[in-house]
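Coordinate analysis (summary)
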Amino acid sequence: MSKFDDVQNDIKATPGLGKSMAKWSALGAVIAIPLPFTMPLGAIAGATYAYYKGKKKV
């Protein structure tokens, strides 16, 4: 099993984690709008933050 499978299983097993990751992804992308070509990085950073924040609670 790869790390990606572990993350997918964690998201499916933790209620609300996927929704939180989506919200933080959107916020990261919005914050990164003024900088060209950084929206995907902002979205990834937001989702990563939400994932670690959500896993810390468990």
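**A look at the confidence of the model for the protein chain**
Model confidence for the protein chain is summarised by a mean pLDDT of 81, while 95% of its residues fall at 70 or above. Ranking the elements of the protein chain by mean pLDDT puts helix 1 (residues 3–13) last, at 80, and helix 2 (residues 17–31) first, at 86.

**Observations regarding the environment of Gly54**
Relative to the helices and strands, Gly54 resides in helix 3 (residues 39–57). Judged by relative accessible area, Gly54 falls into the buried class, the value being 15%. Between the C-alpha atom of Gly54 and that of Ser20, which follows or precedes it by 34 residues, the distance is 8.1 Å.

**With respect to the side chain of Thr14**
Relative to the helices and strands, Thr14 is located in the loop between helix 1 and helix 2. Residue Thr14 is classed as buried on the basis of its relative accessible area, which comes to 14%. Of note is the side chain of Thr14, whose polar atom sits 2.8 Å from the backbone oxygen of Asp10.

**Some details on the side chain of Ser25**
As for its position among the elements, Ser25 is in helix 2. By relative accessible area, which is 17% here, Ser25 ends up buried. If sequence neighbours within four positions are ignored, Ser25 has contacts with Gly42, Ala43, Gly46 and Ala47.

**What about a nonpolar patch on the surface?**
Where nonpolar side chains cluster on the molecular surface, the patch consists of Val30, Ile33 and Met39 and spans about 280 Å² of accessible area. Note on placement: Met39 falls in helix 3.

**So, the environment of Ala47**
Locating Ala47 in the fold gives a position in helix 3. Of the residues examined, Ala47 reaches a relative accessible area of 13% and is grouped as buried. Residues contacting Ala47, with those up to four places away along its chain left out, are Met21, Trp24 and Ser25.

Thresholds applied
Residues numbered from 1 in each chain as written. Predicted model: local features only at pLDDT ≥ 70, side-chain atom pairs only at ≥ 80, totals over all residues. Heavy atoms only, no water. pLDDT = per-residue confidence, 0-100. Helix = DSSP H or I, 4+ residues; strand = E, 2+ residues; numbered from the N terminus. Buried < 20%, exposed > 50% of the residue type's maximum accessible area, 1.4 Å probe, protein only. Polar contact = N/O pair within 3.5 Å; in protein donor to acceptor, adjacent residues only side chain to side chain. Contact = heavy atoms within 4.5 Å. Patch = residues over 30% accessible without salt bridge, like charges linked within 9 Å, V, L, I, M, F, W, Y side chains within 5 Å. Areas by Shrake-Rupley, 256 points an atom, 1.4 Å probe, with all protein chains shown as cover. Salt bridge = Lys/Arg side-chain N within 4 Å of Asp/Glu carboxyl O.

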